[in-house]
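Chain and residue survey
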Amino acid sequence: MFEYAPAPESRAIVDIKPSYGLFINGEWVEPLGEGREKTVNPASEEVLAEIAVASEADVDRAVQAARKAFTGWSAMPGSERAKYIFRIARIIQERARELAVLESLDNGKPIRESRDVDLPLVAAHFFYYAGWADKLSYAGFGPSPQPLGVAGQIIPWNFPLLMLAWKIAPALACGNTVVLKPAETTPLTALAFAEICRQADLPPGVVNIVTGAGETGGALVRHPDVDKVAFTGSTEVGRLIARSVAGSRKKVTLELGGKAANIVFEDAALDQAVEGIVNGIFFNQGHVCCAGSRLLVQESVADELLEALKRRLSTLRLGDPLDKNTDIGAINSAAQLAKIRELSEAGEAEGAERWSPACPIPDKGFWFPPTIFTGVAQSHRIAREEIFGPVLSVLTFRTPAEAIEKANNTPYGLSAGVWTEKGSLMLWMASRLRAGVVWSNTFNKFDPTSPFGGYKESGYGREGGRHGLEAYLAL
Amino acid sequence: MVSLESFGLVGDAGAVSTTTTPLAEVAASNSTLRAFLHGLPGVDRVGADARAAMLGTRSIKTTSKKQAIDLAIRMVDLTTLEGADTPGKVKAMCAKAIHPDPTDLSVPSVAAVCVYPDLVATAVQALGGSGVKVASVATAFPSGRSSLEVKVADTALAVADGASEIDMVIDRGAFLSGDYLKVFEQIAAVKAACGSAHLKVILETGELSTYDNVRRASWLAMIAGADFIKTSTGKVSPAATLPVTLVMLEAVRDFLRTAGRKVGVKPAGGIRTTKDAIKYLVLVNETAGPDWIDPDWFRLGASSLVNDLLMQRQKMATGRYAGPDYFTLD
């Protein structure tokens, strides 16, 4: 046997303060209200820091600061704005190791992912949009596209710093100023980003970070001086936001849930398809809005593929997120764990067959083993509802037409994956799948140049690429 | 992965056969062989490269590094394949093979030495009863461009001189022109000439160029009777790479499941550092599985690797690096 000894990344590199205020107008300020929340390490339930809960008055202060800063920031030549954004990108690269450790501590994701996926993408996003700042006239939105004003941005807990980058980088490049609210369970990297804004000498008020939960987010969305609302999170909250801004002048982009189909044809490169399935649903513990949570496999190879998949799952290493060899980290919160459990139990109750590899679970913290459900029907809850956890529902199909029918038979439409060695079939499928992203012989691949967003209840608007600029320009 | 039943590989009763008779039915003609090999699932290059790269990020430290270093030493086929090889050079290498570090007898011996056929007798004599095996390249190594008669004679002579392992090369020209039957027949003939010696079949993956070809050549060699499949001669660049070895490890894993016979894997060429060697061990561990973590089933063809392993081993034991002059160059 060849066992891997523990190889933990040192957490000495991060400096977490016992408590954090709000970042408004380039300064750390104490909240006006009394509200405080704790953020915990989901792998150990250890309290990491105390976080301010911004009240409506705090949000107002932040929006005012952003409004004041907008005049100067939007008038600045694009080439000057670009310098700040490039500088932020470089500082992120320089501090990548620290930010990766912080992300894994607060979120529970494996350090391998925060180090090799999240942080490189975060920096790449800032670099990419920095490059657009002085080229907006050539983006296809007219000769002199103008910014919107103050953007209120609310981001989720699954990719805290990456979602911050997706929101802040295009907003700043286009000349907007922002008030951003990170998720209440994962505020630490956003607060570290506030420090980076100071390090980069970003003019005060261009970026403001307010922490808190739903009420803080609600105050931000409702604030009359916010010109643009950008939200990534659940479809449920997305609906509330859409309702709240309806009839106002506010421009909205929503990036919501998904129930993506990962479709494997009989001629697929099977070993790589297995890797793609694993990466599709077990990457980031399945806390991915575009996760390939429904595996649609052609019946003629279903047994073979499932056997290979189960064998592969048995090699996944679940445990300490800071261990460099960990593949599956902790579930982000007790609430999320309860939701995953509830839906998994529903899956069993509805008659699907549940399977997990032998997988020791740590005593403390929030954990869920990688899980597969076979014999799943379209009508089962686990085939229709977003689980947002390491749970894969396996369905089968016989023909390409049936694959399309099943894949599109969902209220969501964020992403899909197709595995076939036949190019013509790939294109035939891609043109019929109603999903914002269709991955061809891969899954969960992201790039700042590529627009991302959904159909139907997965939201509206696009982030990333040239398309991502549109959400932050007055057109 | 692939049903062999239609090719007569597996009997109706589901009994798995390891004899060559049913294998011969798959190889009844070039078209049956071709149908079988082209029916194997494809390999997506981007995905295979990504998987190998991800496994390359595994962090093997402390006790597991120590274990890995000794494992790697025990898996080395210490190799010299130069036109300038002499009996003196081979004897010196054999001494190194038995005691890689003469100052530390806790260092295990390597698995085998690998030499040209004319030096087999020298190596057999030098290794005596040490347990280190003698492997010989044969079959008009490294190009394989000769007649079957010469290849069989080359093999038989090496075996007669005492080689217990034969590293043959396949006819890449025949493989690339689609003449799979010719490759099959050559491997089968060399296997017969090996007698009780183990046969390692070198695919020379650097000349096969696609991963699909690597997978097909792996299966072809295994069906023809290979005990090991080996990446490279070391004379062609690229030699062994992690993704190519990944594809070959998947092949032996699937072959065991389908045909019931276990085959070993040997990457060779370009593996120079402890870090490289450990990446290969991780690849084996998480692809073919722990059952292959053994010198009987996995070898590393290398020459300079051993000294780096020794240097790292001493560093782990003493906390200090000794300079390269403290390790013998043989």
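In this numbering scheme, every chain counts its residues from 1 along its sequence in written order. Numbering of ligands from 1 and lettering of chains from A proceed in the order in which they are written. Two thresholds apply to this predicted model, a pLDDT of at least 70 for residue-level local features and 80 or more for giving and counting side-chain atom pairs, whereas whole-chain, interface and lining totals are computed over all residues.

Under an unreviewed UniProt entry, chain A has the name Aldehyde dehydrogenase and belongs to Planotetraspora mira. UniProt positions are given in the numbering used here, feature names are shortened, and annotations may be inferred rather than shown by experiment. Here chain A is described in UniProt, under the heading Sequence similarities (unreviewed entry), as follows: "Belongs to the aldehyde dehydrogenase family."

Another point: the nonpolar core. In this structure, Ile263(A), Ala72(B), Val76(B), Val113(B), Val201(B), Ala221(B) and Ile229(B) are the most contacted members of the largest nonpolar core, which totals 172 residues. Sorting elements by how many residues they give to this core places helix 12 (residues 242-259) of chain B first, with nine residues. Contact partners of Val201(B), with chain neighbours within four places excluded, come to Met168(B), Ile170(B), Ile187(B), Ala221(B), Ala226(B), Phe228(B), Ile229(B) and Lys230(B). Grouped together as the second largest cluster of nonpolar side chains are 94 residues, Tyr20(A), Ala183(A), Ile196(A) and Ile209(A) included. The term nonpolar core refers to a group of buried residues, namely Ala, Val, Leu, Ile, Met, Phe, Trp, Tyr and Cys, whose C-beta atoms join them within 7 Å. Remark: C-beta atoms are placed from the backbone, and a residue is labelled buried if 20 or more other C-beta atoms sit within 10 Å of its own, exposed if 12 or fewer do, or partly exposed between those counts. Per the convention used, a helix needs a DSSP run of H or I reaching at least four residues, while a strand needs a run of E reaching at least two, with both numbered from the N terminus. We call two residues in contact whenever the C-beta atoms placed from their backbones are within 7 Å.

All names here are of chain A. For two strands to count as paired, DSSP must find a minimum of two bridges between them. Sheet architecture is open: three strands sit in the order 1-5-4, paired in mixed fashion. Strands with a single pairing partner mark the edges of an open sheet, and in this sheet they are strand 1 (19-20) and strand 4 (36-41). One ladder, built from two bridges, connects strand 1 with strand 5 (residues 46-52); its direction is parallel. If you follow Tyr20 over to strand 5, its bridge partner there is Ile51.

With that out of the way, let us pick up the domain arrangement of chain A. All names here are of chain A. Domain ranges listed in this record stem from an automatic or a database domain assignment. When the domains of chain A are assigned, the result is domain 1 (19-256 + 455-474) and domain 2 (261-440). One C-alpha centre belongs to domain 1, the other to domain 2, and the line joining them spans 30 Å. Taken together, the elements giving at least two residues each to the side of domain 1 that touches domain 2 come down to helix 3 (96-107) and helix 4 (111-132).

A word on the sheet that holds strand 17 (residues 415-419) of chain A. Residue and element names in this part refer to chain A. Pairing is mixed across the open sheet formed by seven strands, whose spatial order is 14-15-16-13-12-17-18. Because the sheet does not close on itself, it has two edges, and the strands there are strand 14 (353-355) and strand 18 (437-440). For this sheet, the mean inter-axis angle between neighbouring strands, taken without regard to orientation, is 20°. Note: strand 15 (residues 371-374) against strand 16 (residues 391-397), three bridges, orientation parallel. Across the sheet, the residue bridging to Ile372 is Leu392, located in strand 16. Across the face of the sheet, helix 10 (residues 299-313) comes into contact with strand 12 (261-264), strand 13 (294-298), strand 14, strand 15 and strand 16 while running at roughly 130° to strand 13. A fitted line through C-alpha atoms represents every axis, and for helices the fit uses only the stretch in contact; the resulting angles, taken between N-to-C directions, go from 0 to 180 degrees.

Looking now at the UniProt feature "active site" (unreviewed entry) in chain A. All names here are of chain A. When the UniProt feature table is mapped to this numbering, "active site" (unreviewed entry) covers Glu255. Mapped onto the elements of the fold, Glu255 is located in strand 11 (residues 251-255). Given 28 C-beta atoms within a 10 Å radius, Glu255 is considered buried. Sequence-distant contacts of Glu255, defined by excluding residues within four places in its chain, comprise Thr232, Cys289, Gly453, Gly454, Gly459 and Glu463.

Turning to the environment of Glu386(A), a few remarks are in order. Residue and element names in this part refer to chain A. If you trace the backbone, Glu386 turns up in the loop between helix 12 (381-384) and strand 16. Judged by the 25 C-beta atoms lying within 10 Å of it, Glu386 falls in the buried class. Between the alpha carbons of Glu386 and Ala291 there is a distance of 9.4 Å; along the sequence they are 95 residues apart. Excluding residues within four positions of it along the chain, Glu386 makes contact with Gly257, Gly258 and Lys259.

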